[in-house]
Amino acid sequence: MDVSASTLASIPTITERDVKRATWVCFFAWTFAVYDFVLFGNLLPKLAADLGWAASTSTGINTAVTAGTALVAFAVGPLVDRIGRRKGIIIAVVGAAVASGLTALAGWVVGLVAGVGVVLLVLVRSLAGLGYSEQAINAAYLNEMFAHHYSDDPARMRRRGLIYSLVQSGWPIGSVLAAVSIYALFPIGGWALCFIVAVFPAFFMVWAAHYLKESPQFVVRHRAEQLLKAGHADEAHELAATAGVDLTETSAPLAAVFKGESLRATLVIGPAFLLNWLGVLAFAILGTSLLTATDGKDVAFNNALAVLIISNATAFAGYLFHGWLGDRIGRRNTIAIGWILSGLSFGGMLLASNGSFGLIIALYSAGLFFLIGPYSALLFFNGESYPVHTRATGGALVNACGQVGAIIGGLLITVSLSAGWSWTASAAAWGCAPILVSGLLILGARNVDPRTARTD
């Protein structure tokens, strides 16, 4: 049976304008999702002081929040492989906004009814997993859009990683916005106002996301599967062939990520992501706690925020650098080099004397440059490592592994602090060491030629 003209005509035609719009929408969606996600960690010392939490209590609550975030982030992948990348972006944006608004409410409840309020706060912050999932959805979506539109343009094919690095740079930009908003809003309305303000960008993002087109690869795969279910196998395979989509694997995406070529990516990239996120938790999410603690770097809270602003600006440059480098030497090798250098930089920062403010800024900035920067290569590398059938699910699984790593890291840091370890010793054991190991482990993943585009 031939593929009907109406079926082919319904597959979206992607123009240069569509790709540019998709790139900008994904960038802003990720930036505002990060704003909310990082805001909680940055304000945790103030929340703890306001509500009378000990250091081990606040990190324990953060660990519970991270567990909820991981569950939500993992659930998003199979959903996006079923309903599409465009709808997934909208769900992630709305979820981040809802989490921000409800965080303020939950915080007030904690002040009135401690036990119930803490449970509510954990549940609300778990919704932030939708915002955290934005990066996995973006990677799947843009990987497919770039592969479809740039496949006949070798020059642009060689710049895909750099272009995606601009999108992923929403992490340091969102982090800077979070730090700046604390400076501007905290003196006016406290931590609650910071979360309330984070709700409003979502209105613009939902409007903008409605103008996105679904990726042709997803549309072809989705409609081919419908044809298979209807008994039109010949037509399904003919349609899939028009876009180079492979219909060999028809099992549920959640099962397919543990089969065939997807298995290696799942078993290597996932654990590497997990280990690296122990370091992300220690130095990025709980950075203010480490920097301000008397048994850490003993930096004043306002100065700690200044360090975060400077270092995240450096991390922005890290995204661009690692995106550019990945286009040249391969994304796997770029990730490994960056993470190894990150572990060494943070180790030097922890060894620096507490009075060496300039040295602490330099080494902390270098650490984030090589820790966060490689994620511009890693998220795109995820898309290259999975076929369209499991791309969102595989990306979400790897993405969720990061939150599992944060859970493990949170538990280890909490136990260490409770046992009398200093912040410096805890960050060295559960931050620096895992970062170094993750850089070595990622070398076990299949290397991908950055000059090729995956269309299946």
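Here the structure is a predicted model, which is why all the values come from computation and not from measurement.

Quick notes on the overall build of the chain
Per the secondary structure count, the chain includes 22 helices and zero strands. Computed over its C-alpha atoms, the radius of gyration of the chain comes to 22 Å, within 12% of the 23 Å expected for a compact globule of 456 residues. Each principal axis of the C-alpha atoms in the chain carries an extent, and together these give about 70 × 45 × 35 Å. Counting only residues that meet the buried cut, the chain has 58% of its 456 residues in that class. Counted over contacts in the chain with a minimum sequence separation of 6, partners at least 24 positions apart contribute 84%. As displayed, the chain offers around 16,400 Å² of accessible surface, 69% of which is attributable to carbon and sulfur atoms.

Concerning the confidence of the model for the chain
Confidence in the prediction of the chain, expressed as mean pLDDT, is 83, and 91% of residues score 70 or more. Between the elements of the chain, mean pLDDT differs from a low of 51, seen in helix 1 (residues 5–9), to a high of 95, seen in helix 18 (residues 331–351).

What about the packing of aromatic side chains?
Going through the model one piece at a time under the given rule, you end up with 20 aromatic pairs. Ring geometry for F321 versus W324: centroids 6.2 Å apart, planes at 35°, classification tilted. With F321 and W324 both in helix 17 (residues 301–329) and three residues apart, the pair spans about one turn of that helix. A residue is classified by how much of its surface remains accessible, and F321, at 33% relative accessible area, is partly exposed. Clustering of aromatic rings is evident, with ring pairs tying together W24, F27, F28 and F32.

A closer look at the environment of P387
Here P387 lies in the loop between helix 20 (375–385) and helix 21 (391–418). With a relative accessible area of 17%, P387 lands in the buried category. As for P387 and E261, which are separated by 126 residues in sequence, their C-alpha atoms are 9.0 Å apart.

Quick look at the pattern of salt bridges
By the definition in use, this model includes nine salt bridges. With a shortest N-O distance of 3.0 Å, K213 and D18 are connected by a salt bridge. Of the two residues, K213 sits in the loop between helix 11 (201–209) and helix 12 (216–229) while D18 sits in helix 2 (residues 16–51), which places them 195 residues apart along the sequence. Judged by its relative accessible area of 8%, D18 is buried. Residue E384 is joined to R160 by a salt bridge in which the shortest nitrogen-to-oxygen separation is 3.8 Å. One end of the pair, E384, is in helix 20; the other, R160, is in helix 9 (residues 160–168), and 224 residues separate them in sequence. A residue is classified by how much of its surface remains accessible, and E384, at 5% relative accessible area, is buried. In the salt-bridge network here, residues are joined through shared partners; they are D81, R85, E144 and R391.

Thresholds applied
- Residues numbered from 1 in each chain as written.
- Predicted model: local features only at pLDDT ≥ 70, side-chain atom pairs only at ≥ 80, totals over all residues.
- Heavy atoms only, no water.
- Helix = DSSP H or I, 4+ residues; strand = E, 2+ residues; numbered from the N terminus.
- Rg over C-alpha atoms; globule rule 2.2 N^0.38 Å.
- Buried < 20%, exposed > 50% of the residue type's maximum accessible area, 1.4 Å probe, protein only.
- Contact = heavy atoms within 4.5 Å.
- Areas by Shrake-Rupley, 256 points an atom, 1.4 Å probe, with all protein chains shown as cover.
- pLDDT = per-residue confidence, 0-100.
- Phe/Tyr/Trp six-rings, centres within 6.5 Å; stacked < 30°, edge-to-face > 60°.
- Salt bridge = Lys/Arg side-chain N within 4 Å of Asp/Glu carboxyl O.

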